[in-house]
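Coordinates in review
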Amino acid sequence: MNKSIVKLIDLRKIISHHAYLYYTLDSPIISDFEYDNLINELKLLEKQEIKIIKNSPTNNVGSDFLRSLKTKKHFASMLSLDNIADIEMIDFFYKNVLKKLKKKKKINFCCELKIDGIAISLLYKKGVLIRALTRGNGKIGEDVTLNVYEIQSIPKVLDNIINMPELLEVRGEIYIPLSEFYKINEVKKNIQFSNPRNTAAGSLRQNNPKITLSRNLMFFCHGFGICYPKNNFINHFNFLMVMKSLGFPVNNKLCLFSNINNIKEFYYQINKNRKSFDFQIDGIVIKLNDFDDQKVLGSTSKYPKWALAVKFPSNENITTVNNIDFQVGRTGLITPVAYLSPIKISGVVIKKASLHSKYEMYRLGVYIGSKVLVRRAGDVIPYIVKVINYELINDINLIQKKCFFPTQCPICSSNLIEFHNGKTVKCSNNNYCLDQKEKLLLHFVSKFAFNIKGIGKKILKKLIYKNIINEFSDFFKIQVDHLTKIDRIQKKIANNIIYQIKKSRSISLDRFIYALGIEMVGVETARNLSIYFGDFSSFMQTNVSQLQKIKNIGTVSSGIIFNKINNSSFKEKILDLLSFIVIKPNNSSKTNKRSFFFNKKIAITGRLKRYSRDKLFFLLQSLGAIQCKYISQKTDLLILGECPGKKLYKAKLLNIKIMEEEELLQKIRC
Ligand code: IVH
């Protein structure tokens, strides 16, 4: 058999399996992005092999049924939506509509949110809710009437309006508010639901209406099926307004547009603000507003041609690992890094991702040539979620080469030492191999350390190469003519660098401790150490048990810090350095105590406009605040940036004070 047919058959089996997990069991094991990706791959193959288009999951709406629920026929089929992933592609949809309608008068489009919930059809007979069916396979749905009776926002009896249809199938989406979703997951610490959509589906599609009641499900109306004997609504927008007046929840981010640019604007606006809604959406839906226009466009067996969903960009993408490199950090830690075929995720081109450790590299099973799923959530650095390895796929193009973690340092060839089951692997060279030295010295001059402006990676490399800089103290021995020996550094630049170095000589204790590049001592820990010890010599004379009294320092880190500060060559280097610098005491605790932020536990969510998160925390910590990475009852304040994440819902849930970035900056200035 032809290889692409074998792949096509495999893909169908795989997709059917995942459709069953998603639609029938509400327990998917792959993300929506991966699922859509498989469907697109299959569609492409089906285009080439037109003969075998029958029985394809690309033609199905939904999937099988749960045996425990009775099934019934919909009066009018429940169709799905055609979708695109790039808003600029709506030009094709728009042109097709213009072509089919052949009219010059303006065409109205109703733009709505695409709610990520579970589709439902509510049958009203003479204004009374008599039946509720899930979409099922589009023709037959599962009967969840008793469960739907428990959803408060769904009207059970409609006010008698003029021309009330005898039979009306009201359609929409049942969803779980995000605040509710997080609350449930909080309670069920161990058995977490994978996402809000599946939680809503799982809460609705079972035999116990009490569970539905306990989950506080909600509903948004977005259309209708049968309307018997006659559809008296003027257009789609009018239908939604009538439904609203009858007590149905209709989402208020609803807009009528006739200009395509306004639709695009709507999309970008919603995408920007979507994280602030208390429900999950995965795109927008564009619908022809006029019913006659809808009829002209018609439908396929799967979706109407008068509507289109435009999905939001995914925070995931699939790519290939082109190479795996092993980098040596400033403390000698070896980190495997995967170099990827460039891909865009949330508008950013991603070319590499850290594999973190030997343990993680083998756990993921990443090889050179592997297809991998890469995720980038919010501000987070991209990471490899997993290797894509759908068992059945015979991918003829996939050539993978196993990559082994080295046993010797890739820079100086010293032996590597392994700790914690491969979670930490370090170079054994105590005299710092070249990469280590470069990174350590770069760390020393970096923003939150000595902050020596003008010495970047390139210049530092040359200074090391020319043997001008070897140790921390060498920075303070540099002369103008050392610098002018380096190409492209003229006298003026050299003078400026010397000035910056001089300026940096007086340094606060927290910055100084951080600058030393001790393993496990980041900005926050350096700050905690400086607050605890107050002066450098007390820090150098400490012991393990004292170190463990400090916030965020545990058994492992206390041992590492203690060993480092008692290492004789480290001590020697510090002694040499101390003769060039002045360590200032930290900002006086009096100032801190007077500050609004003193002792406040503060978290940040979303993208900040003015500062990076690091910088803002640095500022806040200097005012006595304590950084918290997660929201808990102990958090005092949440700082709200653009596109906030789930911390916002948790904070609302726990009644934690929320402050916008602007207000915060004003408070800092006071
Ligand atoms: S209209 C005949 N409008 O998305 C048109 N659907 O992925 C049918 N959905 O099956 C759907 N928000 O369950 C429509 N504002 C909205 C929607 C929406 C969410 C769901 C719906 C549909 C699915 C397709």
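1. Topic: the overall build of the chain
- Of regular secondary structure, the chain possesses 25 helices and 24 strands.
- Across the 670 residues in the chain, those meeting the buried criterion constitute 49%.
- Counting only contacts in the chain whose residues sit at least 6 apart along the sequence, the fraction spanning at least 24 positions is 68%.
- Here the chain displays about 34,600 Å² of accessible surface, and carbon together with sulfur accounts for 52% of that area.
- For the chain, the distance from the average site of its 105 positive side-chain charges to the average site of its 56 negative ones is 3 Å.

2. A word on helix α17 (residues 523-533)
- Most of α17 is tucked away, with eight of its eleven residues classed as buried.
- Just past α17, the residue G534 takes up positive phi, approximately 75°.

3. Things to note about the sheet that holds strand β10 (residues 281-288)
- Taken in spatial order, the five strands line up as β2-β11-β10-β3-β9 in an open sheet, and their pairing is mixed. For this open sheet the edge positions go to β2 (83-84) and β9 (255-257), each flanked by a neighbour on one side alone.
- Looking at chain direction, strand β3 (residues 109-115) and β10 are connected through seven bridges and run antiparallel. By the bridge assignment for β10, F109 is matched with L288.

4. Brief notes about the site of the ligand
- What surrounds the ligand is a group of 14 residues, the closest being E112, L113, R135, E173 and K287.
- Separating an oxygen atom of the ligand from a side-chain N or O atom of K114 is a distance of 3.0 Å.
- In the model, a nitrogen atom of the ligand is placed 3.4 Å from a nitrogen or oxygen of the H222 side chain.
- Computed on the free molecule, the ligand has an accessible area of 520 Å², of which 85% lies beneath the protein chains in the complex.
- Those elements giving two or more residues to the shell around the ligand turn out to be β3 and β10.
- Considering each element in turn, the shell around the ligand owes the most residues, four residues, to β3.
- Looking at side-chain class alone, the shell around the ligand contains seven nonpolar, two polar and five charged residues.

5. Here's the deal with the pairing of strand β12 (residues 316-328)
- In this sheet, strand β15 (residues 371-375) lies alongside β12 in antiparallel orientation, the contact comprising five bridges. Residue N317 lies in a different strand from β15, and its bridge partner there is V374.
- In this structure, β12 lies alongside strand β13 (residues 334-345), joined through seven bridges in antiparallel fashion. Looking at β13, one finds that D325 is bridged to V337.
- The turn linking β12 back onto β13 is made up of five residues, and G332 within it adopts a positive phi angle of 90°.

6. Points about helix α20 (residues 555-565)
- Where α20 is concerned, the buried positions are S557, S558, I561 and I565. Projected down its long axis, α20 carries its buried residues within an arc of 100°, all on one side. Residues of α20 that are exposed and angled more than 90 degrees away from the buried face: T555 and N563.

7. Notes on the packing of helix α1 (residues 3-24) against helix α2 (residues 32-48)
- Remark: α1 packs on α2, axes separated minimally by 10 Å, with the N-to-C direction vectors making an angle of 145°. When the axes of α1 and α2 are compared, the crossing they make is left-handed. Every residue of α2 that contacts α1 at S4, K7, L8, L11, R12, I14, I15, H18, A19, Y22 and Y23 is listed here: D32, Y35, L38, I39, E41, L42, L45 and E46.
- Looking at the contact of α1 with α2 residue by residue, the classes come out as twelve nonpolar, two polar and five charged.

8. Section: the pattern of salt bridges
- Within this structure, the stated rule accounts for 23 salt bridges.
- In this structure, K287 and E112 form a salt bridge, with 2.8 Å as the shortest nitrogen-oxygen distance. Of this pair, K287 sits in strand β10 while E112 sits in strand β3, and the two are 175 residues apart along the sequence. Note on accessibility: K287 and E112 belong to one class, buried.
- Residue R375 is joined to E316 by a salt bridge in which the shortest nitrogen-to-oxygen separation is 2.7 Å. A residue pair is termed long-range when its members are at least 10 positions apart, and R375 in strand β15 and E316 in strand β12 qualify at 59 residues.
- What makes R375 partly exposed here is its relative accessible area of 23%.
- On the basis of relative accessibility, which here comes to 6%, the residue E316 falls in the buried class.

9. Topic: the packing of aromatic side chains
- Here the structure, examined in full by the defined rule, presents 29 aromatic pairs.
- Aromatic side chains F220 and F279 sit 5.2 Å apart centroid to centroid with 75° between the ring planes, which places their arrangement in the edge-to-face category. Note that F220 is positioned in strand β8 (residues 218-228) and F279 in the loop between α9 (260-273) and β10, a separation of 59 residues in sequence.
- Exposure remark for F220: the relative accessible area of 10% places this residue in the buried category.

10. Concerning unusual backbone geometry
- P229 follows Y228 through a cis peptide bond whose omega is 5°.
- Tracing the backbone through its elements, the reader meets P229 in the loop between β8 and α8 (236-245).
- Backbone geometry places N467, a non-glycine residue, at a positive phi of 65°.
- Tracing the chain through its elements places N467 in the loop between α13 (457-465) and α14 (480-483).
- The exposed category is assigned to N467, whose relative accessible area is 56%.

11. Re the sheet that holds strand β22 (residues 626-627)
- Spatial ordering of the open sheet is given by β22-β21-β23-β24, a layout of four strands whose pairing is parallel. Across the chains shown, the open sheet's two edge strands, defined by having one partner strand only, are β22 and β24 (657-660).
- With four bridges connecting them, strand β23 (residues 637-640) and β24 associate as parallel partners. Paired with I639 across the bridge in β24 is M659.
- On the sheet, helix α23 (residues 613-622) packs against β21 (601-605), β22 and β23 and is oriented at approximately 160° with respect to β21.

12. Points about the environment of N232
- Looking at the secondary structure, you find N232 in the loop between β8 and α8.
- A sequence separation of 68 residues divides N232 from M164, and the C-alpha atoms of the two residues are 8.8 Å apart.
- Within the structure, the side chain of N232 is placed 3.3 Å from the side chain of K230, a separation counted as a polar contact.

Calculation notes
- Residues numbered from 1 in each chain as written.
- Predicted model: local features only at pLDDT ≥ 70, side-chain atom pairs only at ≥ 80, totals over all residues.
- Heavy atoms only, no water.
- Helix = DSSP H or I, 4+ residues; strand = E, 2+ residues; numbered from the N terminus.
- Buried < 20%, exposed > 50% of the residue type's maximum accessible area, 1.4 Å probe, protein only.
- Contact = heavy atoms within 4.5 Å.
- Areas by Shrake-Rupley, 256 points an atom, 1.4 Å probe, with all protein chains shown as cover.
- Lys, Arg positive; Asp, Glu negative; His and termini not counted.
- Charge placed at Lys NZ, Arg CZ, Asp CG, Glu CD.
- Pairing = 2+ DSSP bridges.
- Near = heavy atom within 4 Å.
- Polar contact = N/O pair within 3.5 Å; in protein donor to acceptor, adjacent residues only side chain to side chain.
- Nonpolar A, V, L, I, M, F, W, Y, C, P; charged D, E, K, R; others polar.
- Arc of directions from axis to C-beta.
- Axes fitted to C-alpha atoms, helices over the stretch in contact; angles between N-to-C directions.
- Left-handed = near helix turned anticlockwise from the far one by under 90°.
- Salt bridge = Lys/Arg side-chain N within 4 Å of Asp/Glu carboxyl O.
- Phe/Tyr/Trp six-rings, centres within 6.5 Å; stacked < 30°, edge-to-face > 60°.

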